[in-house]
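So the chains spell out like this:
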Amino acid sequence: MSDGNLAPGRDGRRFDFEALIHEEKVHRSLYTDPDIFALELTRVFGATWVYLAHESQIPKPFDFFQTKLGLRPIIVTRDGKNEIHALYNRCTHRGATVCRQAKGSTRSFRCPYHGWTYSISGELAGVPWREGYARDHKEEGQFNLAQVPRVESYRGFIFGTLNLEAAPLIEHLAGVRKPIDDWLDRHPGGKVAVCEANRMKFKGNWKLAYDNSADGYHVIFSHRSLLMMENRFSPDDEKGMSFYKQHPDDGPIRVHYYGNGHHFKDKRPTLANHPGAMWQIEGKHPGMEGYEAELREKYGDDADFYLDLAAGIPMNINVFPNLLILGNHIQVLEPLSYTETATTWYGTAVVDEENELNGAVDAINALRMRTQEQFPLFGEVDDLTNFEEIQVGLGAEEDPWVYMDRGLGLPDRFTEKDGVITGPATDEVFMREYMKHYKKLMMANPTLSISRGGSD
Amino acid sequence: MVTAPANPSETSHYITDAYYTDLVKVFADWDDSAQLSHDTVVQQRAQAMLYQEARYLDQGKFKEWLDLFAPECAYWIPGSWERGDPRREITFAFHDRRQLEDRVYRLETGYAWSQHPASRTNRLVSNIEVFQTNRSDVFMIRSNFNMTEFLNGELRPWVGYAVHRVQQTGEGTFKILAKQVNLINCDQNIRNPSVTL
Ligand code: FES
Ligand SMILES: [Fe+2]
């Protein structure tokens with residue numbers, strides 16, 4: 001490979017990703033090198049579509065919600081014409097943030113430092129004492145807030161990229177749209193509303209969480225305490241993630257790789273084929289017996305359908321690099337540094353505008369809040385600990401390889417159809433494939449750009 | 001037919017819509033200074049209970065800690081500073097009796113990696129105020145806490161105020177009907193939230 005293909009770091013460093021990423025293993029520096037992280041902030045969190053927010057977080061005109069694109073502070077806004085923008089939260093005067101509230105509703109953002117004011121769509125609307133300037137900043141588009149030049153939504157999920165050459169979002173998502181559709185379509189109106197979250201962070205690289213996102217191999221080990229807890233009343237019970245017991249690769253769970261780093265672990269085939277089957281395998285949650293009895297009395301057989309809406313659906317849909325839809329959660333990964341990551345598990349609620357659920361929606365959501373809280377509190381914490389311990393282990397320089405070869409080279413383990421690779425529950429094929437995509441991104445060097453909104 | 005009363009350690013029948021409604025209501029407007037109790041016996045009893053609770057938790061005596069709660073109880077850590085309604089919002093934690101026992105069971109399996117080895121904790125409890133309610137045997141106790149957790153070679157702070165809704169029992173002690181823990185950083189991303197507050 002010519003030196004021109006090597007990716008740059010500080011002090012003239014060059015990274016040869018062909019040497020760092022092999023099919024069976026990747027080098028520790030992907031997790032431990034701050035220069036590689038710095039490159040990721042443009043080549044991944046910049047050059048490809050990144051999840052920003054959900055439309056239900058800015059339901060009305062003039063609503064806003066703060067998020068990040070990599071480390072860039074972003075305000076996602078809905079303007080008066082219902083158009084969605086992803087504005088840089090960075091005053092064009094001297095750089096202060098113009099918005100300091102996590103979310104809300106406003107006609108304009110006024111910078112607290114010298115009072116420059118911007119509209120909800122980012123246009124500069126006012127500069128105090130402008131007679132003191134030789135120019136009219138408002139006439140020049142360059143003083144509007146910077147914004148992410150491409151913002152597109154798929155069924156409520158808002159993504160942005162700084163890469164004008166990127167394929168349209170819908171093409172980029174490709175096959176992973178199908179599980180997202182399935183996940184949404186079980187709800188009335190085919191949608192959900194995002195609510196508060198279980199918010200955690202860990203001292204480890206963000207990819208440790210993405211590596212784990214479709215990992216069926218860790219479940220009975222990392223989550224052993226949760227599995228024991230969920231089945232403590234009757235050891236033969238098949239609550240929670242019990243379907244990983246014994247030999248999960250002989251069972252019906254499949255992992256699918258769709259390209260562009262996206263994958264999906266489908267645990268739905270483990271469900272019995274009748275309404276109420278999802279509710280049946282839920283662990284024990286506050287209020288479940290009382291609410292269930294009430295729903296059954298009021299709605300008879302329909303109650304099973306309603307109870308399934310309160311249960312987590314056994315799907316893990318992972319949209320590279322930062323959106324993990326699992327159970328009823330929308331989990332968002334946010335890299336904080338090469339060795340620290342925030343992971344926010346937004347809950348989702350059922351919305352029933354047409355009263356398709358005959359008044360059951362409030363009871364469903366009261367149960368659904370509780371079913372969603374259990375895994376972050378009693379399951380994810382153990383994974384996060386293991387991620388942190390990997391980061392510690394990777395401090396060992398002389399032993400640099402991280403292996404992901406489970407399934408590799410075994411005959412008849414995978415099928416490939418219409419560009420989708422499918423393998424058994426515990427296979428690491430999804431890691432190998434997403435790492436190939438990551439390598440491609442890290443070796444490419446597309447032009448990133450911003451826009452300055454309407455007056456461009 | 002007479003059915004045996006449900007055992008809240010095994011089934012959760014008492015957490016109903018009416019229970020939530022009442023819980024949200026009694027945790028909304030309780031801290032009116034005019035309702036402060038000046039009964040020193042009640043104040044001492046409240047202080048003794050909070051100190052005992054802090055000690056049990058610091059000592060990892062979780063079974064003893066559970067015994068401080070009434071059979072039908074709630075343990076609520078809101079996920080937002082405005083607290084919200086747990087029926088419509090994800091909380092930091094919302095446990096009924098059974099899930100409190102789940103929490104303790106999990107910690108004692110020996111496989112809860114987030115608490116393996118277990119955190120060492122040290123709790124300071126202060127600013128204790130007891131408020132009367134419209135029931136003569138039920139009080140709301142507000143206290144500040146400052147807990148330091150030692151985990152993985154590091155000290156980590158947990159700070160906020162707790163509100164205990166307690167009922168006086170015949171034996172002159174309190175049972176906790178509901179405990180609300182308000183972390184000053186409840187709406188932030190927190191590292192390893194597996195310690196018990
Ligand atoms: S930095 Fe915003 S007005 Fe000066
Ligand atoms: Fe896990």
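Rules used in this analysis
- Residues numbered from 1 in each chain as written.
- Chains lettered and ligands numbered in written order.
- Predicted model: local features only at pLDDT ≥ 70, side-chain atom pairs only at ≥ 80, totals over all residues.
- Heavy atoms only, no water.
- Helix = DSSP H or I, 4+ residues; strand = E, 2+ residues; numbered from the N terminus.
- Rg over C-alpha atoms; globule rule 2.2 N^0.38 Å.
- Contact = heavy atoms within 4.5 Å.
- Areas by Shrake-Rupley, 256 points an atom, 1.4 Å probe, with all protein chains shown as cover.
- Lys, Arg positive; Asp, Glu negative; His and termini not counted.
- Charge placed at Lys NZ, Arg CZ, Asp CG, Glu CD.
- Buried < 20%, exposed > 50% of the residue type's maximum accessible area, 1.4 Å probe, protein only.
- Donors = N, O, S within 2.8 Å, 3.2 Å for Na, K, Ca; no water.
- Salt bridge = Lys/Arg side-chain N within 4 Å of Asp/Glu carboxyl O.
- Expected span 1.5 Å × (residues − 1).
- Polar contact = N/O pair within 3.5 Å; in protein donor to acceptor, adjacent residues only side chain to side chain.
- Buried area = accessible area lost by both parts, 1.4 Å probe.
- Nonpolar A, V, L, I, M, F, W, Y, C, P; charged D, E, K, R; others polar.
- Pairing = 2+ DSSP bridges.
- Phe/Tyr/Trp six-rings, centres within 6.5 Å; stacked < 30°, edge-to-face > 60°.
- Domains from an automatic or database assignment.
- Axes fitted to C-alpha atoms, helices over the stretch in contact; angles between N-to-C directions.
- Parallel < 35°, antiparallel > 145°, perpendicular 65-115°, else oblique.

Further remarks concern the overall build of chain B. Within chain B one finds four helices and seven strands. Mapped in sequence order, the helices and strands of chain B form the string α-α-α-β-β-α-β-β-β-β-β. Relative to its length of 197 residues, chain B is compact, with a C-alpha radius of gyration of 17 Å against a globular reference of 16 Å. Its C-alpha atoms put chain B at 50 × 45 × 35 Å along the principal axes. Counting contacts in chain B only where the partners sit at least 6 residues apart, residues at least 24 apart contribute 65% of the total. When the accessible area of chain B is evaluated, it comes to approximately 9,200 Å², of which 49% is carbon and sulfur surface. Here chain B contributes 21 positively and 25 negatively charged side chains, and the mean placements of these two sets differ by 4 Å.

The next point concerns the overall build of chain A. Along its length, chain A carries 13 helices and 23 strands. The globule rule puts the C-alpha radius of gyration for 456 residues at 23 Å, and the 24 Å found for chain A is close to it. Considered along the principal axes of its C-alpha atoms, chain A spans approximately 80 × 60 × 40 Å. Looking at chain A residue by residue over its 456 residues, the buried ones come to 60%. Here the contacts in chain A between residues at least 6 apart in sequence split such that 65% fall between residues at least 24 apart. Summed over its atoms, the accessible surface of chain A is roughly 18,600 Å², and 48% of this surface lies on carbon and sulfur atoms. Chain A carries 51 positive and 67 negative side-chain charges, and their two centres are separated by 5 Å.

Turning to the coordination of the iron ion (ligand 2), a few remarks are in order. All names here are of chain A. Distances from the iron ion (ligand 2) to its protein donors, H218 (NE2), H223 (NE2) and D383 (OD), fall within 1.9 to 2.1 Å. Positions of the donor residues of the iron ion (ligand 2) along the chain correspond to the pattern H-x4-H-x159-D. With a gap of 160 residues between them, H223 in the loop between α7 (219-222) and α8 (224-230) and D383 in helix α12 (residues 361-393) connect regions that are remote in the sequence. Accessibility assignment for this pair places H223 and D383 in one class, buried.

This brings us to the pattern of salt bridges. All names here are of chain A. Inspection of the entire model under this criterion finds 41 salt bridges over all chains. With a shortest N-O distance of 2.5 Å, R413 and D427 are connected by a salt bridge. Separated by 14 residues along the polypeptide, R413 in the loop between β21 (401-403) and β22 (415-417) and D427 in the loop between β23 (420-424) and α13 (429-443) bring together distant segments of the chain. Comparing R413 with D427 shows no difference in burial state: the two are buried.

What follows covers helix α10 (residues 288-299) of chain A. End to end, α10 of chain A covers 16 Å across twelve residues, agreeing with the expected 16 Å (1.5 Å per residue, within 8%). Within the span of α10 of chain A, buried status applies to M288, E289, G290, Y291, L295 and Y299 of chain A. Residues of α10 of chain A that are buried in the fold lie against α9 (277-280), α11 (302-310) and α12 of chain A together with α1 (17-26) and α4 (97-108) of chain B. Phi turns positive, to about 60°, at G300 of chain A, one or two residues after α10 of chain A.

Moving on: the side chain of K267 of chain A. Residues and elements named next belong to chain A. Mapping K267 onto the fold places it in the loop between β16 (262-266) and α9. There is a polar contact of 2.9 Å between the side chain of K267 and the side chain of N316. Leaving out residues up to four positions away in the same chain, K267 has contacts with F243, Y244, I253, P314, M315 and N316.

We now examine the interface of chain B and chain A. Counting residues at the interface gives 42 residues for chain B, matched by 44 residues for chain A. Roughly 3,900 Å² is buried in total at the junction of chain B and chain A, and carbon and sulfur atoms are behind 54% of that figure. A per-residue breakdown of the area chain B buries against chain A is headed by I90, R106 and N189 of chain B, which together make up 19% of the total. Run the count over chain B and chain A and you get four salt bridges. Between R98 of chain B and E289 of chain A there is a salt bridge whose closest N-O contact spans 2.7 Å. Our count for the contact surface shared by chain B and chain A stands at 31 residue pairs in polar contact (both at pLDDT 80 or more). Mapped onto the side of chain B that touches chain A, the elements with two or more residues apiece are α1, β2 (93-95), α4 and β7 (190-191) of chain B. Sort the elements by how many residues they give to the side of chain B that touches chain A and α4 of chain B lands first, with seven residues. Here the residues of the side of chain B that touches chain A sort into 13 nonpolar, 16 polar and 13 charged. Across two bridges, strand β14 (residues 192-202) of chain A lies against β7 of chain B in parallel orientation.

What the rule picks out here adds up to 27 aromatic pairs over all chains. Ring geometry for F64 of chain A against F109 of chain A: centres 5.4 Å apart, planes inclined by 75°, an arrangement best described as edge-to-face. Here F64 of chain A is found in strand β5 (residues 63-69), whereas its partner F109 of chain A is found in strand β9 (residues 108-110), with 45 residues between them in sequence. In this structure, F64 of chain A and F109 of chain A share a single accessibility class: buried. Relative to F69 of chain B, the ring of W65 of chain B has its centre 5.2 Å away and its plane inclined at 85°; by these criteria the two rings are edge-to-face. Of the two residues examined, W65 of chain B and F69 of chain B, each falls in the buried class. Taken together through their ring pairs, the aromatic side chains of F45, W206, Y210, F320 and Y434 of chain A make up a single cluster.

The next thing to look at is the domain arrangement of chain A. Residues and elements named next belong to chain A. If you check the domain split of chain A, you get domain 1 (50-154) and domain 2 (174-440). Computed from C-alpha atoms alone, the centre-to-centre distance between domain 1 and domain 2 is 34 Å. Both faces combined, the contact of domain 1 with domain 2 buries some 1,100 Å², and carbon together with sulfur accounts for 61% of it. Summed over the three residues of domain 1 that lose the most area to domain 2, namely Y51, H54 and Y154, the buried surface amounts to 50% of that side. Summed over the shared surface of domain 1 and domain 2, the result is two salt bridges. Here E334 ties to K68 by a salt bridge, and the two come within 3.5 Å at their closest N and O atoms. The interface formed by domain 1 and domain 2 includes four residue pairs in polar contact (both at pLDDT 80 or more).

Turning next to the environment of L384 of chain A. As for its position among the elements, L384 of chain A is in helix α12. Spatially, the C-alpha atoms of L384 of chain A and G204 of chain A are 8.6 Å apart, while their sequence positions differ by 180 residues.

Residues and elements named next belong to chain A. Contact geometry for helix α3 (residues 34-43) and α13: axes closest at 9 Å, N-to-C directions at 85°. One element, α3, and the other, α13, form an angle in the roughly perpendicular class. The residues of α13 that touch α3, namely those facing I36, L39, E40 and R43, are Y438, L441, M442 and M443. A breakdown of the residues in the contact of α3 with α13 according to their chemical character gives six nonpolar, no polar and two charged.

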